[in-house]
Amino acid sequence: MASITLEKVNKIYASGFEAVHEFDLHVADGEFVVLVGPSGCGKTTILRMIAGLEEVSGGSIYIGDRIVNGIAPKDRDVAMVFQNYALYPHMTVAGNIAFALKLRKVSKSEISEKVRKVGEILGLSQYLNQRPRQLSGGQRQRVAMGRAIVREPAVFLMDEPLSNLDASLRAQMRVEVLRIQRHLQVGTLYVTHDQVEAMTMGDRVVVLKDGHVQQCDTPKNLYSHPTNLFVAAFVGSPAMNLFKAGISSNGDVLDMGSQSIRLTEELYIMHPTLRQYASKSVVVGVRPEHLLIGEDRADRFTISSVIGLVEVLGSDTLVHFSAGAERMYIEGVANEAATDLADNEFNVKNEGIARLDPKVSVRIGEKVTLSAELDSIYFFDPITGNVIN
Amino acid sequence: MLGKSEYSLPPSIKKRNSRRGDLPKKVVGSYWKADLVGLMPTMALYVFLVLLPIVIAGLLSLYSWNGVGSLRFSGFANWDAFFHDPIAAHSLEVTIVLALVSWAIQTPISMALGFFIAGKQRYRTVYAALYLLPLLLSTVGIGLVWQALLDPNFGGLAWLAQNAGLSFLQQNWLGSNSLALWTIIVLIAWQFIPFHTLLYQMGRRQVPNVLYEAASIDGATKWKQFVHITLPQLRYTIVVSSTLMLVGSLTYFDMIYVLTDGGPGDTTRVLSLDMYQAAFVANTFGYASVLAVVLGVIGVVVALLLVRFTGFSSLSSQREGIA
Ligand SMILES: Nc1ncnc2c1ncn2[C@@H]1O[C@H](COP(=O)(O)OP(=O)(O)O)[C@@H](O)[C@H]1O
Ligand SMILES: [Mg+2]
């Protein structure tokens with residue numbers, strides 16, 4: 001078992017396309033790190049470089065203390081779960097799991113014992129003599145996991161291993177993958193495009209965009225201290241509300257579309273750098289779950305709004321609203337606000353979402369005041385995208 | 001140690017997984033009928049193209065016939081003659097050696113070339129066209145060209161031997177007892193390797209690359225990848241190619257006829273040549289039919305054995321289940 005370290009790793013494909021830029025990462029032994037980002041941001045490329053399936057264009061990769069640049073995949077002692085599993089179709093489940101051990105000339109009795117044990121852990125015992133084509137997607141996924149864990153490798157690499165499963169199976173396997181990893185204590189780099197998966201599974205999460213690391217932190221910190229607009233918008237569901245705004249020349253008022261909001265001294269104490277933004281543009285962020293209806297008080301951040309759509313989820317109610325402000329769109333992040341319902345009968349153009357207590361009853365077209373605690377308000381520089389602290 | 005997983009699959013998935021073995025007998029029966037109906041066209045072709053000629057030859061083998069006059073029933077006289085004919089026994093031996101050696105030479109070379117070309121992205125179609133050229137030329141034409149090249153006095157190889165110092169090329173390639181059969185085998189290989197190269201190239205290109213990646217991560221060397229991924233994945237290609245090679249060389253006739261006509265002596269006298277001579281030189285069609293039956297039966301048996309041994313008959317996909 002070992003750690004994974006990447007130092008300033010670059011990947012430029014033969015086409016000249018830079019898929020990964022100066023990528024640094026350390027996955028400690030036994031740690032579960034998730035690499036998350038939109039499709040095409042370079043996640044698979046990074047895994048393949050660690051596995052040795054793709055050469056690095058620059059930088060160094062270490063597994064444990066050993067630099068592995070230029071070492072063949074078979075000599076790196078990594079196990080990889082491929083997105084499409086890549087099971088050997090001509091081998092049985094047992095054959096698939098045993099393959100790596102056979103190559104290592106492990107004794108027959110030891111192999112069958114290990115295969116039996118892994119089959120038990122993964123609930124594959126009664127399928128050991130079947131071929132992959134006879135299995136369901138979930139079972140194939142388990143075989144792919146089995147093939148990885150039976151080897152007791154130095155590190156695990158997993159490329160969106162759950163993305164081909166349906167939602168309920170995926171939720172179940174999330175827990176199971178974690179359980180297995182915790183048990184084996186093998187350093188794991190897990191790739192996904194699903195931020196929920198990333199947040200629920202990772203000890204730490206690396207957010208990647210266009211081959212550039214945006215932030216690497218614990219799920220908690222990613223959520224509460226995003227370093228830039230991309231991370232703020234990418235993490236959390238529904239995504240953080242982001243509004244374009246400007247600060248008055250004297251710094252007292254935040255002009256957010258049709259409304260003016262007082263910027264209190266308290267906000268400036270929380271965000272000292274914000275003082276440099278007098279008569280400049282900023283982006284204001286507030287998470288849907290931090291908005292409440294009413295509580296129109298001076299010590300809260302309040303937005304007057306019109307309700308355009310109500311989604312009753314049972315546990316919460318999602319309220320899409322207009323604040324007469326312009327929403328900031330972030331490239332590469334899906335946006336849940338139902339802006340395309342702008343032509344509803346009340347002509348409300350929705351720019352934001354509030355996640356409210358289901359007991360609150362609101363009607364479409366109703367004018368309400370939404371408010372949030374001051375410390376749940378974020379400011380970002382619209383040009384650099386960086387958070388303003 | 002982790003507890004055993006308690007989780008059970010939803011019924012919809014279980015159902016999808018059930019195989020024919022789980023179905024009630026009645027349903028299995030109707031599957032069989034469906035299979036038979038589906039086999040009809042193939043069976044019809046097989047009867048007309050394979051069985052019928054063998055049966056006709058079989059009947060003819062019971063008669064004495066010079067090809068012009070009337071048939072005269074002669075019982076097993078032709079067969080009796082065959083079993084006591086040292087020339088036929090020798091021809092059979094030459095035929096089998098030719099077939100086996102051809103297979104053993106052509107298969108690895110075709111595979112190696114096919115895999116090599118499969119890797120090249122550029123010019124693949126150009127290669128394909130070039131490789132098919134020998135198949136487009138008439139065998140008789142090829143035979144004449146080779147005859148010219150191999151002539152010990154005026155041939156191209158002899159010229160090289162004299163002018164380029166490659167004296168080992170100075171051989172009586174087609175006229176020497178010890179060389180003629182091997183020369184023929186090499187020329188047949190030259191003629192057919194391109195086609196089999198294409199077969200292997202297509203087969204290899206069908207194998208998903210990710211299998212090799214998975215295997216290399218699992219610790220497989222290139223050789224182990226070949227043994228554990230390529231060979232099993234190419235099972236059907238190997239069966240098809242080997243069947244064509246073996247059956248093709250069992251019945252191979254034209255180039256041998258042109259180049260050596262079985263000589264020198266009868267060192268290259270294959271069964272098909274024997275058959276030709278029995279029919280059209282000696283005008284003993286009954287006896288020729290015996291040889292035809294023997295060749296036909298050997299061909300069918302070889303094909304069936306290949307299919308049997310390699311499990312081709314199980315009709316299962318080689319790719320399904322990767323993902
Ligand atoms: N072999 C290749 N040649 C050129 N570009 C590639 C190659 N493989 C991937 N890319 C590009 O690199 C980028 C990152 O790809 P990938 O790592 O597969 O992304 P992800 O796994 O995050 O979806 C994509 O834009 C993709 O088009
Ligand atoms: Mg990917």
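Sequence order as written defines residue numbering, which begins from 1 separately in each chain. Starting at A for chains and at 1 for ligands, labels are handed out in the order in which the entities are written. Totals for whole chains, interfaces and linings use every residue, but because this is a predicted model, local features are given only for residues with pLDDT of at least 70 and side-chain atom pairs only at 80 or more, for both listing and counting. Water and hydrogen atoms play no part in the side-chain values, which are based on all heavy atoms of the structure.

Visitor: Could you give an account of the side chain of Thr268 of chain B, with specific residues and numbers?
Guide: Residues and elements named next belong to chain B. Secondary structure elements are defined from DSSP: runs of H or I of at least 4 residues count as helices, runs of E of at least 2 residues count as strands, and each element is numbered from the N terminus. In this fold, Thr268 is placed in the loop between helix 12 (254–259) and helix 13 (271–281). Between N or O atoms, a polar contact is any pair within 3.5 Å; within protein, one atom must be a potential hydrogen donor and the other a potential acceptor, and residues adjacent in sequence are included only when both atoms are from side chains. Among the polar contacts made by the side chain of Thr268, one reaches the side chain of Thr260 at a distance of 2.7 Å. Once residues lying within four places of it in the same chain are set aside, the contact partners of Thr268 are Val94, Ala180, Leu181, Ile184, Ile256, Thr260, Gly262, Gly263 and Leu273. Residue contacts are counted whenever heavy atoms from the two residues lie within 4.5 Å of one another.

Visitor: Tell me about the environment of Gln214 of chain A, and name the residues and values.
Guide: Residue and element names in this part refer to chain A. In this fold, Gln214 is placed in strand 10 (residues 212–217). Taking the C-alpha atoms as reference, Gln214 lies 22 Å from Pro288; in sequence the two are 74 residues apart. If sequence neighbours within four positions are ignored, Gln214 has contacts with Val207, Leu208, Lys209, Thr227, Asn228, Phe230 and Val231. Side-chain polar atoms of Gln214 contact the side chain of Asn228, separated by 3.0 Å.

Visitor: Give me the site of ligand 1: which residues, what numbers.
Guide: Residue and element names in this part refer to chain A. Neighbouring residues are identified by heavy atoms, a residue being near a molecule or strand if any of them is within 4 Å of it. Near ligand 1 the following residues occur: Tyr13, Ser15, Phe17, Ala19, Ser39, Gly40, Cys41, Gly42, Lys43, Thr44 and Thr45. Cys41 is positioned with one of its backbone polar atoms (N or O) 3.2 Å from an oxygen atom of ligand 1. Residue-level accessible areas treat just the shown protein chains as cover; the underlying method is Shrake-Rupley with a 1.4 Å probe. A total of 560 Å² of accessible area belongs to ligand 1 in isolation, and the protein chains cover 61% of it. Amino acids outside the nonpolar list (Ala, Val, Leu, Ile, Met, Phe, Trp, Tyr, Cys, Pro) and the charged list (Asp, Glu, Lys, Arg) are all regarded as polar, and Gly is one of them. When the residues that make up the shell around ligand 1 are grouped by side-chain class, the tally is four nonpolar, six polar and one charged.

Visitor: An account of the sheet that holds strand 8 (residues 187–192) of chain A is needed here, citing residue identities and associated values.
Guide: All names here are of chain A. Between any two strands, at least two bridges found by DSSP are needed for them to pair. Pairing in this open sheet of six strands is mixed, and the strands run 6-7-8-3-9-10 from one edge to the other. Each edge of the sheet is formed by a strand with only one pairing partner; in this case those strands are strand 6 (78–81) and strand 10. On average, adjacent strands in this sheet sit at an angle of 15° to one another, irrespective of strand direction. Bridge count for strand 9 (residues 204–209) against strand 10 is five bridges, and the pairing is antiparallel. Looking across to strand 10, one finds that Val206 is bridged to Cys216. Set on the sheet, helix 5 (residues 167–184) makes contact with strand 3 (32–36), strand 7 (155–159) and strand 8; between it and strand 3 the angle comes to about 140°. Angular values range over 0 to 180 degrees, each being the angle between N-to-C directions of two axes fitted as lines to C-alpha atoms, with helices fitted over their stretch in contact.

Visitor: Residue-level account of the interface of chain B and chain A, with values.
Guide: For an interface, size is often stated in terms of accessible area lost upon the parts coming together. Contact with chain B, which involves 34 residues of that partner, is made by 44 residues of chain A. For the pair chain B and chain A, the summed buried surface comes to about 3500 Å²; carbon and sulfur atoms form 61% of the total. Whenever a carboxyl oxygen of Asp or Glu lies within 4 Å of a side-chain nitrogen of Lys or Arg, that contact is scored as a salt bridge. Here chain B and chain A share two salt bridges between them. Across the contact surface, chain B and chain A share ten residue pairs in polar contact (both at pLDDT 80 or more). Of all the secondary-structure elements, those providing two or more residues to the side of chain B that touches chain A are helix 1 (11–17), helix 9 (209–217) and helix 10 (222–233) of chain B. Here the element with the most residues in the side of chain B that touches chain A is helix 9 of chain B; it accounts for seven residues. Residues belonging to the side of chain B that touches chain A are distributed by class as follows: 15 nonpolar, twelve polar and seven charged. Take the accessible area each of two parts loses on contact, using a 1.4 Å probe, and add the two losses: that sum is the buried area.

Visitor: Give a description of the nonpolar core that names residues and reports values.
Guide: Side chains of nonpolar character tend, in soluble globular proteins, to be buried together. Residues and elements named next belong to chain A. Ile97 and Leu242 are the most contacted members of the largest nonpolar core, which totals 59 residues. A total of six residues in this core trace back to one element, the largest contributor, which is helix 8 (residues 229–234). Filtering out sequence-adjacent residues up to four positions away, Leu242 remains in contact with Leu229, Ala233, Val283, Val284, Gly285, Glu326, Arg327, Met328, Ile330 and Phe380. We call a set of buried residues a nonpolar core when its members are Ala, Val, Leu, Ile, Met, Phe, Trp, Tyr or Cys and they connect through side-chain atoms within 4.5 Å of each other. When accessible area is computed with a 1.4 Å probe and restricted to protein chains, residues below 20% of their type maximum are described as buried, those above 50% as exposed, and intermediate ones as partly exposed.

Visitor: Let's hear about helix 3 (residues 108–121) of chain A: which residues, and what values?
Guide: For an α-helix, 3.6 residues make a turn, and residues three or four places apart therefore share a direction. All names here are of chain A. Here, expected helix span is obtained from the residue count minus one, scaled by 1.5 Å. Its 14 residues give helix 3 an end-to-end C-alpha distance of 20 Å, which sits within 8% of 20 Å, the value for a rise of 1.5 Å per residue. Looking at the packing, one finds that the buried side of helix 3 touches helix 2 (93–103), helix 4 (137–149) and helix 5. Taken from the residues just after helix 3, Gly123 is the one with a positive phi, measuring 65°.

Visitor: For the side chain of Asp316 of chain A, give the residues involved together with the corresponding values.
Guide: Residue and element names in this part refer to chain A. If you trace the backbone, Asp316 turns up in the loop between strand 16 (300–312) and strand 17 (317–322). Residue class for Asp316 comes out buried when judged on its relative accessible area of 18%. A polar atom in the side chain of Asp316 sits 3.0 Å from the side chain of Ser315. Ignoring sequence-local partners within four residues, the contact set of Asp316 consists of Glu311, Arg355, Leu356 and Pro358.

Visitor: Help me get a handle on unusual backbone geometry, residues and values and all.
Guide: All names here are of chain A. Along the chain, Ser237 connects to Pro238 via a cis peptide bond; the corresponding omega equals -5°. The residue Pro238 is located in the loop between helix 8 and strand 11 (241–247) in this model. Look at Tyr85: it is not a glycine, yet its phi comes out positive at around 70°. Among the secondary structure elements, Tyr85 is positioned in the loop between strand 6 and helix 2. In this structure, Lys105 takes a positive phi of about 60° despite not being glycine. Inspection of the secondary structure assignment puts Lys105 in the loop between helix 2 and helix 3.

Visitor: Quick one: what's the story with the confidence of the model for chain B, residue by residue and with numbers?
Guide: Residue and element names in this part refer to chain B. Mean pLDDT for chain B: 78, with 83% of residues reaching 70 or above. Along the chain, pLDDT gives the predictor's confidence residue by residue, from 0 to 100. Across chain B, helix 9 holds the top mean pLDDT of 94, while helix 1 sits lowest at 42. Across residues 1–25, where pLDDT falls below 50, the model places 36 contacts with residues more than four positions away in sequence or in other chains. Interface confidence in the predicted complex, given as ipTM, is 0.85; pTM for the same model is 0.81.

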